[in-house]
Amino acid sequence: MLRVGRVIAILVLLSVLVLVLAFVLENQQEITISFFGWATPQLPASVFLALSLIVGMVAGPVLGVLVKINRFGKTRHLS
């Protein structure tokens, strides 16, 4: 039974890798992003999309931890 789970996990991982590879290969056109006068160098669109995904994956948990810390630090007054 454990072996079937591993095979399924490997198949899912390989499917995701193939989809990511197809995405990167399909988005090779170079773009520049401008924001408040600051411009990035020309890079493939897939690079910007991957970077935004990574930033979102990091920012979400960090903000969640900050909210928990903020809630934990407040004292509750009973009236």
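As named in an unreviewed UniProt entry, the chain is Membrane protein, taken from Pseudomonas fluorescens.

K.L.:
Is there a simple way to think about the overall build of the chain in this case?
P.N.:
The helix and strand inventory of the chain stands at 2 helices and 4 strands. Along the chain, helices and strands appear, N-terminal first, in the series α-β-β-β-β-α. Taking all 79 residues of the chain together, the buried fraction comes to 8%.

K.L.:
What should I look at first to understand unusual backbone geometry in this one?
P.N.:
Backbone phi values are negative for most residues with the exception of glycine, while trans is the configuration of most peptide bonds. At F36, a residue that is not glycine, the phi angle is positive and equals roughly 50°. In this structure, F36 sits in the loop between β2 (34–35) and β3 (38–39).

K.L.:
Explain the UniProt feature "transmembrane region" (unreviewed entry) in the chain to me, please; I cannot follow it from the model alone.
P.N.:
In the numbering used here, UniProt assigns the "transmembrane region" (unreviewed entry) feature to residues 7–25 and 45–67. Span residues 7–25 is 100% helix and 0% strand, its end C-alpha atoms 27 Å apart.

K.L.:
What's the story with the confidence of the model for the chain in this structure? I'm lost.
P.N.:
Low pLDDT marks regions whose predicted coordinates should not be analysed in detail. With 90% of its residues at a pLDDT of 70 or more, the chain has an overall mean of 87. β3 holds the highest mean pLDDT among the elements of the chain, 92, whereas helix α2 (residues 45–73) holds the lowest, 87.

K.L.:
Which parts of the structure should I look at to understand the packing of aromatic side chains?
P.N.:
Two descriptors summarise a pair of aromatic rings, namely the distance from one centre to the other and the angle between the planes of the rings. Evaluated as defined, the whole model comprises 1 aromatic pair. Seen in terms of ring centroids, F35 and F36 are 4.4 Å apart; in terms of plane orientation they differ by 65°. Their pairing is edge-to-face. Residue F36 is classed as exposed on the basis of its relative accessible area of 78%.

K.L.:
Help me understand the side chain of S46, please; the structure alone is not making it clear to me.
P.N.:
Its place among the elements puts S46 in helix α2. Those residues in contact with S46 that sit more than four places away from it in its chain are F23, V24, N27 and Q28.

K.L.:
Looking at this model, I keep getting lost on the side chain of N27. Mind explaining?
P.N.:
Looking at where N27 falls in the secondary structure, it is placed in the loop between α1 (2–26) and β1 (30–31). On the accessibility criterion, N27 (17% relative accessible area) is buried. A polar atom in the side chain of N27 sits 2.9 Å from the backbone oxygen of F23. Not counting residues within four places of it along the chain, the set of residues in contact with N27 comprises P44, A45 and S46.

Conventions used here
- Residues numbered from 1 in each chain as written.
- Predicted model: local features only at pLDDT ≥ 70, side-chain atom pairs only at ≥ 80, totals over all residues.
- Heavy atoms only, no water.
- Helix = DSSP H or I, 4+ residues; strand = E, 2+ residues; numbered from the N terminus.
- Buried < 20%, exposed > 50% of the residue type's maximum accessible area, 1.4 Å probe, protein only.
- UniProt positions renumbered as here; feature names shortened; annotations may be inferred.
- pLDDT = per-residue confidence, 0-100.
- Phe/Tyr/Trp six-rings, centres within 6.5 Å; stacked < 30°, edge-to-face > 60°.
- Contact = heavy atoms within 4.5 Å.
- Polar contact = N/O pair within 3.5 Å; in protein donor to acceptor, adjacent residues only side chain to side chain.

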